[in-house]
Amino acid sequence: MTEFYKMHGLGNDFVVFDGRGRGLVLDEISARAIADRRRGVGCDQVIVIERPNSGGEAFMRIYNADGDEVEACGNAARCVARFLMDEKHKPLVSIDTKGGLLSCQDADDGLVTVDMGKPGLAWNEIPLVREMDTAAFPLQVENQEFMVTAVSMGNPHCVIFTENAERVPLGKLGPQIEQHGFFPARTNVEFVQALTPARLRMRVWERGAGITQACGTGACAALVAACRRGLSPRAADVILDGGVLNIAWRADDDHVLMTGPTCLSFTGDIDLTTLEYHG
C-alpha cells in the first residue's frame, strides 16, 4: 500500500504522493485511475514529490486528470510548499518543476506565497502556431470571434475578458478553445470580468482537467493579461469559484507572486498495483 495526501487550494484538489523514499513512478493510465472521481480517489491533478533534480528541496511532478504530465500548477505548488515547510520546519522552500524552480514562502495566517517567475509573453513561449501580438488577437471559435490574450506561466493560457463571467457557457467553450488549432500544446482557458481595477472575477477551464474551482497559474495569467490590456494595476485579488487569490506582478523583475491558502483534507493508502482506468 502507498500513502497519499488529499490536499486542495481553494477547491482545486490533488492526490499527493511522497515518492522521495521509494522512487515512485506513475504512468498515464495509473494517474487517470487515481484521479477518477467514481472509481479512484478523485482529483483535478495527481502530484508526485520527488528528489530534486537541479536545486530546491524537492521536484514536483504533475499529472492532469486525463493522465497528461504538465509543466506547472500554482495551487499544487502552494500545497507541496506547505507539506515541505511543515516537514522541514522552514518558512521558505524551493520546488523544482518542469516549468522551472519556484520559491515559496510562508505568508502567515495559513497562506503561502509562490514566486511563479516571469510570464512568457512571446508567441513561441506560450506557444502559438505563428507569430502574433499576444496582448490581444482575434480567435475564431465556431461562429464566434473572441479577442484573447495569451500568456505562459510555465503552461499555456488563453485569457478572454467578458462583461459577465457567470453567464459564460464554460463547459461548451472551454474544451473548444483548449483544443483550438492555434494552440499546438492545447491551452488553459480563463474567462475574466473586471469588477473593479483591483478585483477580477475568473472562471477557468483547465487543460486536461475541465472546469475546476481554482487555477493558480490561471489567476496569474489573468492578472498579467489585465495589466497588458489596461484593465488592472499590477496587483489584484482574483476571485475564483473556490475563493480568492492575491496576485502581484512585480515591476522591478517582472516576477508574478501568488498568495493563497492550502488545506490537507485527509490521508489514505492505495494499492497502486491494482489500478485500472475504465473511462
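Nothing here was measured: the structure is a model prediction, and the numbers come from that model.

**Q** Lay out the layout of surface pockets with the relevant residues and their values.
**A** For the largest pocket, the calculated volume is near 230 Å³. Ranked by residue count, the leading element in the lining of the largest pocket is strand β7 (residues 100–106), at four residues. The residue inventory of the lining of the largest pocket, partitioned by class, reads seven nonpolar, nine polar and three charged.

**Q** Requested: an account of the pattern of salt bridges, with residues and values cited.
**A** Inspection of every chain in the model, using the stated rule, returns 23 salt bridges. Close ionic contact of R207 with E71 constitutes a salt bridge, the shortest N to O distance being 2.8 Å. You can see R207 sitting in the loop between β13 (199–206) and β14 (210–212) and its partner E71 sitting in the loop between β5 (69–70) and α2 (74–88), a full 136 residues away along the chain. Classification of R207 as buried rests on a relative accessible area of 5%. Between R82 and D86 there is a salt bridge, and its shortest N-O distance comes to 3.9 Å. Residue R82 and its partner D86 are both found in helix α2; the two are separated by four residues, about one turn of the helix. Here the salt bridges share partners, and the residues they tie into one network are K6, D13, R37 and D44.

**Q** Help me get a handle on helix α4 (residues 216–228), residues and values and all.
**A** Between the first and last C-alpha of α4 there are 19 Å, a value that for 13 residues agrees with the 18 Å anticipated at 1.5 Å per step. Counting buried residues in α4 gives twelve out of 13 residues, a clear majority hidden from the surface. Within the span of α4, buried status applies to G216, T217, G218, A219, C220, A221, A222, L223, V224, A225, A226 and C227.

**Q** Please give an account of the pairing of strand β8 (residues 111–115) that cites residues and values.
**A** Buried residues dominate β8, accounting for four of its five residues. Note: β7 against β8, four bridges, orientation antiparallel. Bridge assignment links S103 to a residue of β8, and that residue is D115. In textbook terms, the turn of a hairpin is the stretch between consecutive antiparallel strands, and for β7 and β8 this stretch comprises four residues, one of which, D108, has a positive phi near 70°.

**Q** Go over empty space enclosed by the protein with me, naming the residues and quoting the values.
**A** On inspection of all chains with the given rule, the structure shows one cavity of 30 Å³ or more. Empty space within the largest cavity amounts to approximately 60 Å³. Considered class by class, the residues forming the lining of the largest cavity number four nonpolar, five polar and two charged.

**Q** Can you lay out the nonpolar core for me, pointing to particular residues and giving the numbers?
**A** In terms of nonpolar packing, the biggest core is built from 54 residues, with C104 and I247 touching the most fellow members. Per element, the largest residue contribution to this core is nine residues, and it comes from α4. The residues contacting C104, other than those within four sequence positions of it, are A77, A81, M85, P91, L92, V93, I95, V112, T113 and V114. Counting 19 residues, the second-largest nonpolar core is a separate cluster that includes V141, F146, C158 and I177.

**Q** Pulling in residues and values, what's your account of the packing of aromatic side chains?
**A** Inspection of every chain in the model, using the stated rule, returns six aromatic pairs. For the pair Y5 and F83, a centre-to-centre distance of 5.0 Å together with 75° between the ring planes defines the contact as edge-to-face. With Y5 in strand β1 (residues 2–9) and F83 in helix α2, this residue pair connects regions lying 78 residues apart in the sequence. Taken individually, Y5 and F83 each receive the classification buried, so the pair is uniform in this respect. Here the aromatic residues F4, F17 and F266 are joined through ring pairs into a cluster of three or more. The ring of W249 is capped by R234, whose NZ or CZ atom sits 4.2 Å from the centre of that ring.

**Q** Hey, could you go over the environment of L24 for me, with residue numbers and the actual values?
**A** Along the chain, L24 falls in the loop between β2 (12–18) and α1 (28–35). Each C-alpha atom of the pair L24 and V48 lies 7.7 Å from the other, and the pair is 24 residues apart in sequence. Setting aside residues up to four positions removed in sequence, L24 forms contacts with F17, G19, V48, E50 and L272.

Definitions and cut-offs
Residues numbered from 1 in each chain as written. Predicted model: local features only at pLDDT ≥ 70, side-chain atom pairs only at ≥ 80, totals over all residues. Heavy atoms only, no water. 1 Å grid on protein atoms, 1.4 Å probe; cavity = no way out; pocket = protein on both sides within 12 Å on 5 of 7 lines; lining within 4 Å. Points joined across faces, edges and corners; volume = space filled by probe spheres on them. Helix = DSSP H or I, 4+ residues; strand = E, 2+ residues; numbered from the N terminus. Nonpolar A, V, L, I, M, F, W, Y, C, P; charged D, E, K, R; others polar. Salt bridge = Lys/Arg side-chain N within 4 Å of Asp/Glu carboxyl O. Buried < 20%, exposed > 50% of the residue type's maximum accessible area, 1.4 Å probe, protein only. Expected span 1.5 Å × (residues − 1). Pairing = 2+ DSSP bridges. Core = buried A, V, L, I, M, F, W, Y, C linked by side-chain atoms within 4.5 Å. Contact = heavy atoms within 4.5 Å. Phe/Tyr/Trp six-rings, centres within 6.5 Å; stacked < 30°, edge-to-face > 60°. Lys NZ or Arg CZ within 6 Å of the ring centre and 35° of its normal.

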